[in-house]
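Structural overview
Below are the chains, spelled out letter by letter.
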Amino acid sequence: MNKTKPNNKERIFIAGHKGLVGSAIFRLLKQTTNHELITIDHNDLDLTNQNLVKEFFSKNNITQVYMAAAKVGGIYANDNYPADFIYQNLLIQSNIIYSAFKNGVKKLLFLGSSCIYPKLANQPINESELLNGYLEKTNEPYAIAKIAGIKLCESFNRQYSKSHGIDYRSIMPTNIYGPGDNYHAKNSHVIPALIRRIHEAKIKNLCKVKIWGTGKVMREFLFVDDLASASIHVMNLGKEIFQSEINPMCSHINVGTGEDLTIRELASTIKEVIGYQGELIFDVTKPEGTPRKLLDIKKLSKYGWRYKTKLLEGLKITYEDYKLNIEKNDNSILRLKES
């Protein structure tokens, strides 16, 4: 089970390195050379195939894993493909975590999602709110898969941390956005969806843009480079420091900004960034999800980390990324990437 480190370097596998979060973690880790980064394209390794994942781990002498691979999407995708979301994510998580353990990987970071919390959780949402109420129905299958990932890490720690020296950690990010996002017309999350919709309305000189819901629900947003920074920070915390803020049955850590705004305010800000002069119309017949999802980030603050990128700055960077990749975005489809 023991893994040697060639040249005393960690061999770090980033699962989902081409997705939104995985690519940001890859960019940040690549800035230093005290480790070796291991990546593989989805076309070359189907993470839902247990035998292929086991073979990949057995051949690559991996010592650390960042689990940023997942099947993800917005309200429309989650509501229309529930079987795909729960089945594929359960397979991906189980295959990676189990193969990591069987091949002697001591440290692993699982990236989940704030949708794991109950729809009507107390605000701001403390980590202890997990499993204390009903989930939002539109993304319940995805949320259950992510909860299973947390509990899988916890269960391996409880059973094997002393005997095998493993340390598998989980972080729960708030809503993430930034360069490399999926701007699909139906399957994307709220920020990329609004950027695409409002940009197209500007180009086509449309006088109105329709937005799902009342615009009153509140959301918290974190720039993807900040999540990458938080991921590496949590992964590298000393074991005693990390365990001082968690317990074996509630070991996940929230990652966010501690600030939120309404979807109406978000849409208005994106409208300003894009320079659109038309009207925003809210379709109250469409679903809009949980009323509010603001994370309690006191534990992460105690670990000495805080976000850097303000929303307006991050939206400007994201919009420039969208314009640079319009042709690719127009042909995008729901695909395997991180959460």
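What you see is a predicted model, and the numbers here were worked out from it, not measured in a lab. (Residues numbered from 1 in each chain as written. Predicted model: local features only at pLDDT ≥ 70, side-chain atom pairs only at ≥ 80, totals over all residues. Heavy atoms only, no water.)

1. Overview of the environment of Pro173
The residue Pro173 is located in strand S6 (residues 167–173) in this model. Separated by 81 residues in sequence, Pro173 and Asn254 place their C-alpha atoms 5.9 Å apart. Apart from the residues within four sequence positions on either side, Pro173 is in contact with Gly112, Ser113, Ser114, Leu227, Val255 and Leu295. (Helix = DSSP H or I, 4+ residues; strand = E, 2+ residues; numbered from the N terminus. Contact = heavy atoms within 4.5 Å.)

2. Some details on the packing of aromatic side chains
How two aromatic rings sit relative to each other is set out by the distance from centre to centre and by the angle between their planes. Taken as a whole and judged by the stated rule, the model has 10 aromatic pairs. Aromatic side chains Phe13 and Phe56 sit 4.9 Å apart centroid to centroid with 55 degrees between the ring planes, which places their arrangement in the tilted category. With Phe13 in strand S1 (residues 10–15) and Phe56 in helix H2 (residues 50–60), the pair connects residues that are 43 residues apart, well separated along the chain. Judged by relative accessible area, which is 1%, Phe13 ranks as buried. Phe56 sits in the buried class, given a relative accessible area of 9%. (Phe/Tyr/Trp six-rings, centres within 6.5 Å; stacked < 30°, edge-to-face > 60°. Buried < 20%, exposed > 50% of the residue type's maximum accessible area, 1.4 Å probe, protein only.)

3. Points about unusual backbone geometry
In this structure, Pro124 follows Gln123 across a cis peptide bond, with omega equal to -10 degrees. Residues other than glycine seldom take positive phi values, yet Asn61 does so here, at roughly 50 degrees. Along the chain, Asn61 falls in the loop between H2 and strand S3 (64–67). Notably, Asn205 is not glycine yet its phi reads approximately 55 degrees, a positive angle. Mapped onto the elements, Asn205 comes out in the loop between helix H6 (190–203) and strand S8 (208–212).

4. Points about the pattern of salt bridges
Considering all chains together, one arrives at 13 salt bridges under this definition. Put simply, Glu200 and Arg196 hold a salt bridge, and the shortest N to O gap is 3.0 Å. With Glu200 and Arg196 both in helix H6, this residue pair falls four residues apart, about one helical turn. Taking the shortest distance from any N to any O, the salt bridge between Asp260 and Arg292 comes out at 2.7 Å. Highlighted residues: Asp260 in the loop between strand S11 (253–255) and strand S12 (261–262) and Arg292 in strand S14 (residues 292–293), separated in sequence by 32 residues. (Salt bridge = Lys/Arg side-chain N within 4 Å of Asp/Glu carboxyl O.)

5. Looking at the environment of Gly213
Along the chain, Gly213 falls in the loop between S8 and strand S9 (218–219). Excluding anything up to four places from it in sequence, Gly213 contacts Phe282, Asp283, Val284, Lys286, Pro287 and Glu288.

6. Concerning the side chain of Asn89
If you trace the backbone, Asn89 turns up in helix H4 (residues 82–102). Residue Asn89 is classed as buried on the basis of its relative accessible area, which comes to 1%. Here the side chain of Asn89 touches Lys71 through a polar contact of 2.9 Å, landing on its backbone nitrogen. The contacts of Asn89, once residues within four sequence positions are left out, are Ala70, Lys71, Asp84, Tyr142 and Ala145. (Polar contact = N/O pair within 3.5 Å; in protein donor to acceptor, adjacent residues only side chain to side chain.)

7. Describing the pairing of S3
The alternating pattern of S3 places Gln64 and Tyr66 and Val65 and Met67 on opposite faces, both of which are buried. Where S1 and S3 come together, four bridges link them in parallel fashion. Bridging from a neighbouring strand, Ile12 pairs with Gln64 of S3. Sheet topology places S3 next to strand S5 (residues 107–111); four bridges connect them, and they run parallel. Counted as the bridge partner of Gln64 is Lys107 from S5. (Pairing = 2+ DSSP bridges.)

8. Comments concerning H2
Note: α-helices contain 3.6 residues per turn, so residues at a spacing of three or four share the same orientation. Buried within H2 we find Val53, Phe56, Phe57 and Asn60. Viewed end-on, H2 has its buried residues packed into an arc of 95 degrees, placing them on one side of the element. Facing away from the buried surface of H2 by more than 90 degrees, the exposed residues are Asn51 and Lys59. Those residues of H2 that are buried are in contact with S1, strand S2 (35–38), S3 and H4. (Arc of directions from axis to C-beta.)

Taken by themselves, the reported measurements are silent on function.
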